[in-house]
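What follows is each chain in one-letter form.
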Amino acid sequence: MKTTILIMLAIFASAFAKAQQVKMNINVSNIEPGKGTVVLNVYDKKEDFLKKVFLSKTLKANASTLTFTLDLPKKGTYAVTIFQDLDDNKKLKQDWFGIPQEPVGYGNNFKPSAKPRFNDCSITLNNDPVTQAIKLF
């Protein structure tokens, strides 16, 4: 009896967690095919932006457009950054001033004139799946 109750609770908790998940699709364009990988980073907290990544995904840069499909654990606001890692060193190459030397893109297609902020690149997710197109520059 105790085992049955525990199994039922586990099933309920799993179903509840799945119900909270939100799907986000990011269509990335202007990729240089055949050169390295494309790295997508998601940040869930303003204070962690560009410091501590919440979720990261990488795809081989084998086409000029790629789509990342993410299942995020809950609705909320997430900031998105993308870069094409041309030299495949798993780091965004920057010059002395912090200006990216590899193609980059940000949520909402934000094009910064200075260091981007969380709110500039953020996407708010509710219950419905969200699709966003981001062009690397």
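Our subject is the structure that appears above.
Below: a short report on this structure. (Residues numbered from 1 in each chain as written. Predicted model: local features only at pLDDT ≥ 70, side-chain atom pairs only at ≥ 80, totals over all residues. Heavy atoms only, no water.)

1. Notes on the overall build of the protein
Then step 1. Along the backbone of the protein there are one helix and eight strands.
Then step 2. Buried positions account for 34% of the 137 residues belonging to the protein.
Then step 3. For the protein, restricting intrachain contacts to residue pairs at least 6 apart in sequence, the fraction spanning at least 24 positions comes to 68%.
Then step 4. A total accessible area of about 8700 Å² is found for the protein, and carbon and sulfur atoms account for 56% of it. (Helix = DSSP H or I, 4+ residues; strand = E, 2+ residues; numbered from the N terminus. Buried < 20%, exposed > 50% of the residue type's maximum accessible area, 1.4 Å probe, protein only. Contact = heavy atoms within 4.5 Å. Areas by Shrake-Rupley, 256 points an atom, 1.4 Å probe, with all protein chains shown as cover.)

2. Observations regarding the pattern of salt bridges
Then step 1. Applying the stated criterion to the full structure yields five salt bridges.
Then step 2. A salt bridge links K35 to E32, with the nearest nitrogen and oxygen atoms 3.1 Å apart.
Then step 3. On the basis of relative accessible area, K35 is assigned to the partly exposed category, the value being 43%.
Then step 4. Between K93 and D87 there is a salt bridge; the shortest N-O distance is 3.7 Å.
Then step 5. Judged by its relative accessible area of 41%, K93 is partly exposed.
Then step 6. Accessibility expressed as a relative area gives 36% for D87, which makes it partly exposed. (Salt bridge = Lys/Arg side-chain N within 4 Å of Asp/Glu carboxyl O.)

3. Topic: the packing of aromatic side chains
Then step 1. One pass over the full model with this rule turns up four aromatic pairs.
Then step 2. Arranged with centres 5.1 Å apart and planes meeting at 75°, the rings of Y43 and F49 form a pair that is edge-to-face.
Then step 3. Centre to centre, the rings of F49 and F118 are 6.1 Å apart; their planes meet at 85°, and the pair counts as edge-to-face. You can see F49 sitting in the loop between β2 (37-43) and β3 (55-60) and its partner F118 sitting in the loop between β6 (104-106) and β7 (122-125), a full 69 residues away along the chain. Here F49 matches F118 in class, with each residue buried.
Then step 4. Put simply, the rings of Y43, F49 and F118 pair up and form one aromatic cluster. (Phe/Tyr/Trp six-rings, centres within 6.5 Å; stacked < 30°, edge-to-face > 60°.)

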